[in-house]
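# An overview of the molecular structure
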Amino acid sequence: MTVQTATQPDPTRKIIEECKRETQIRYKSKGNTFFRARMRGVNSIQVGKSMIIDSPLTITLEWIFQKYRRLRKAQRRFAAELFPRHPELPVGHRDSRLVGRIVFAGDRGQGPPIHNLHLEFWGRTHWFAWRKISEGRTDAKGCFALPFPLRAARNLSMRSLSLEIQKTTRVYFKDDGDDAPHFHFDLFKAIPVAKSDLIGLDYNLRTIPLDYWLYDPSAVTPRAVVDNSESPETYSQGREDALIEQIIPLEITKIKHLKQIELAPDTLTIEDIENDYPLNLTRCIEKRLSGYTRGDDWFGERMMNGMNRGSFVPDAARLGHYWIRYFGVCWYEINDLYALPDVAILFKLKDDGLPIPLEIRLTGKLSRSDHDPFHTRVFSPADGDAWLQAKRVARVTGAFCTEVEEHFAGTHLNTEQYAVAAYRNLRLNPVAGLLLPHLKEVSLINHTADKELIGGYIPTATALTRAGLQQRTRDILGLQDWRGWRPMEAISPAHTCAKAESLFWDVLGKYVDEFFRRHEDGIKRHWGEIQRFADDLVTHSVPVFLTAPQDAVRPRYRELAAERLNYYSQQYEFDPHLPRETIHGELKTVSRITTASTYGAAPPLDWQNLKQACRYIIMQATYIHTWINEHQYDDLGEVRYSCGGLRFGDRPSGIMAPESDNDIAPDLTRSTQMLWFTNFLSRTEYGFITRNEERDVNPLLIRLLKERCEEFKALEVDIEAIESRTNI
Ligand SMILES: [Fe+2]
């Protein structure tokens, strides 16, 4: 999404618009060359030195390995053609049954039952031909009973028998414009059945525990178990290719810097590092309008329509005045290197509808010698250099909060909780076709983020430790609920960010309404899956913000906690007063969609609940995530302008010092890592709604979005750049 504010035909506006065009990321394939450095995939990405392959020998070996993999795939395709699996079932009296029960693997192998799993019972002859013997699916209790003719299974020609458990791997739409979702199934697990054991009547395979989309018991939020050897899903080849193509030059740049820092750090400056990465928006504007990006106009414009998409709370006493808040270290575990004070900014709307800052309040430690976490300093434009420094501190705390809270917790973690519940429960219900294309791959990218961001870069580049980040993101997830959510309200005609958000929400409303109208019967018929989806969501939901015992919250912080809840309630459109369920003493954040196992037993409101939940899930996974992810590069692409954290340094002035002070700026390692991250995350997007690279986006959604193309364009949002899923 490329966003600019309302057109102003002045020279400054012209430069801003030109820089936006010049630094806009275009997602085009650059082709391939044989001896180009490459990587093995998304899992190879590391904040240190990623597993890059750059020697000719290794590239050749990697090439041979790729050829081998392709050959194996071709072999499998050839074998499938040579020995086709015909769908016909054998004739004859079905005098035997294969019975058993399938459950999610649990601590003692006894998790909840898995319903509606597609099962096939196959035999293989001595000459490798396939014979389908029976098929069916598990019932609501996870039980199955596949009837089959004993003679067919025990036929002399039969060499081996197996029960095959299938899983839904993807949703796709046909090229003919039909908007009915189709499902692709793949083998999840094959269980051998001994031919000699089949003696008639029932053959009982007993309880079969499956490691299928399990919740990670060690995670502090609802997460899937993902490990590199066995993941519940895999990246599509297109996603891997898009990433590798874009990241190589960035990776080489970062490795060069890390080597230079190791061998001769005095030969490198922050400016050298910046010059090695592509030009970003603020650097571009600075080149042509020195000082403008540090001015009040730009500060207000980016707080409103930039990556942060600030939440403007009206001032109680003054019309046209608003406050934005960013909460600093609070009571989370911190290190002693970086500052992260609370920030409150008072804005007034100008005649053009854009905000201009009047006052900045910084509360907390600004230097090592500060000891009072509740000491507030107030700055205004009359303070000269201190005003400039206060704006920088506000930008930095704002960037931290946007990345950790809105981006990671609000979109990544939030989307994953719906992904796990959807993959575990939605199979026959058409809602699977509505949601799954927007939920795929988020569990994988979050797994990488655990290692490289939450467990890697962020604790070394900001004030919070890993434990502090985990607790904070869990708390913020305790403010994310589908019920009652609506997009941010525009406070002026120039609030394009909010207007575009409402427009997309409107498109989704029409899309979900129409989808439910067309698939009404199926959604009602398989309502039991919705109930289980809702069950998993509520049961595994984190507690509502600050309702769980907070040992670390001392009495002096209680007022701050109340302020946070009050502000976040507007920011995340979260109503803490809605009735919610309490399970094992925890007040659960996610509202229940339905308690009814059949549509007939569900009150009419549950139909609306499901529609609202679907609309909300798609909104967070697509538009909201895209907004923040893409604009990281604009607002976090210049180290001295903004970053994740300013260091205290050793002087009494602490972080209230000029940008040129290298003691408070990120060090060289953090500088190159930050630019690597923002470029990597913004530039390697793949899976766009309108491009529909994998034919997994409903043509109806594409059509509805394209119909509003001009309206988005008027807000200068490029619909071609809206991602269909959170996968970076
Ligand atoms: Fe992201």
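Definitions and cut-offs
Residues numbered from 1 in each chain as written. Predicted model: local features only at pLDDT ≥ 70, side-chain atom pairs only at ≥ 80, totals over all residues. Heavy atoms only, no water. Disulfide = S-S within 2.5 Å. Helix = DSSP H or I, 4+ residues; strand = E, 2+ residues; numbered from the N terminus. Buried < 20%, exposed > 50% of the residue type's maximum accessible area, 1.4 Å probe, protein only. Polar contact = N/O pair within 3.5 Å; in protein donor to acceptor, adjacent residues only side chain to side chain. Contact = heavy atoms within 4.5 Å. Pairing = 2+ DSSP bridges. Axes fitted to C-alpha atoms, helices over the stretch in contact; angles between N-to-C directions. pLDDT = per-residue confidence, 0-100. Expected span 1.5 Å × (residues − 1). Phe/Tyr/Trp six-rings, centres within 6.5 Å; stacked < 30°, edge-to-face > 60°. Lys NZ or Arg CZ within 6 Å of the ring centre and 35° of its normal. Donors = N, O, S within 2.8 Å, 3.2 Å for Na, K, Ca; no water. Tetrahedral: all angles 85-135°; square planar, octahedral: opposite > 155°, others 65-115°.

Our next topic: the state of the cysteines. As enumerated under the stated definition, the model contains one disulfide in all. Residue Cys19 pairs covalently with Cys284 via a disulfide, S to S 2.2 Å. Judged by the sign of its S-S torsion, about -80°, the bond between Cys19 and Cys284 is left-handed. A residue pair is termed long-range when its members are at least 10 positions apart, and Cys19 in helix 1 (residues 11-23) and Cys284 in helix 6 (residues 281-288) qualify at 265 residues. Residue class for Cys284 comes out buried when judged on its relative accessible area of 2%.

Mapping Arg592 onto the fold places it in the loop between strand 17 (586-587) and helix 16 (604-635). Take Arg592: its relative accessible area is 16%, and that puts it in the buried class. A distance of 2.3 Å separates the side chain of Arg592 from the side chain of Glu581, its partner in a polar contact. Setting aside residues up to four positions removed in sequence, Arg592 forms contacts with Trp482, Arg483, Ala534, Asp535, Val538, Glu581 and Asn609.

Quick look at the sheet that holds strand 5 (residues 130-137) now. Strand order in the open sheet made by the four strands is 5-4-7-8, with antiparallel pairing throughout. Looking along the sheet, the strands with just one partner apiece sit at the ends: strand 5 and strand 8 (182-193). Strand-to-strand twist of the sheet, defined as the mean angle between neighbouring strand axes without regard to direction, takes the value 25°. Two elements, strand 4 (residues 118-125) and strand 5, share seven bridges in a ladder whose sense is antiparallel. Paired with His118 across the bridge in strand 5 is Arg137. Those strands touched by helix 9 (residues 431-439) are strand 7 (158-172) and strand 8, and its axis lies near 75° from that of strand 7.

Here we come to the confidence of the model for the protein. Of all residues in the protein, 92% have pLDDT values of 70 or greater, and the mean over the chain is 91. Under a pLDDT of 50 for its full length, residues 2-8 has, in the predicted model, 29 contacts with residues more than four places off or in other chains. The low-confidence segment residues 29-35 (pLDDT under 50) makes 11 contacts with residues lying over four places distant or belonging to another chain.

Time to look at helix 1. In this model helix 1 runs 18 Å from its N-terminal to its C-terminal C-alpha over 13 residues, within 8% of the 18 Å that 1.5 Å per residue would give. Those residues of helix 1 not exposed but buried are Arg13, Ile15, Ile16, Glu17, Cys19, Lys20 and Thr23. For helix 1, the N-terminal cap is Asp10; the gap from its side-chain oxygen to the backbone nitrogen of Thr12 is 3.0 Å.

So, about the packing of aromatic side chains. In total, this model carries 32 aromatic pairs according to the counting rule given. A centroid spacing of 6.1 Å and a plane angle of 25° characterise the contact between Phe299 and Phe347, whose relative ring orientation is stacked. Taken together, the positions of Phe299 in helix 7 (residues 296-305) and Phe347 in strand 13 (residues 342-349) put the pair 48 residues apart, joining distant regions of the chain. Accessibility expressed as a relative area gives 2% for Phe299, which makes it buried. We classify Phe347 as buried; its relative accessible area is 0%. Aromatic ring contacts, followed pair by pair, group Phe327, Phe545, Tyr567, Tyr568 and Tyr572 into a single cluster. Arg683 extends its terminal NZ or CZ atom over the ring of Tyr633, reaching a point 4.4 Å from the ring centre.

Looking now at the coordination of the iron ion. Protein-derived ligands of the iron ion are His407 (NE2), His412 (NE2), His625 (NE2) and Ile728 (O), with the metal-ligand distances lying across 2.1 to 2.2 Å. Coordination geometry of the iron ion: the four donor atoms subtend angles of 91 to 168° at the metal centre, consistent with an arrangement described as irregular. Expressed as a motif, the donor residue spacing for the iron ion is H-x4-H-x212-H-x102-I.

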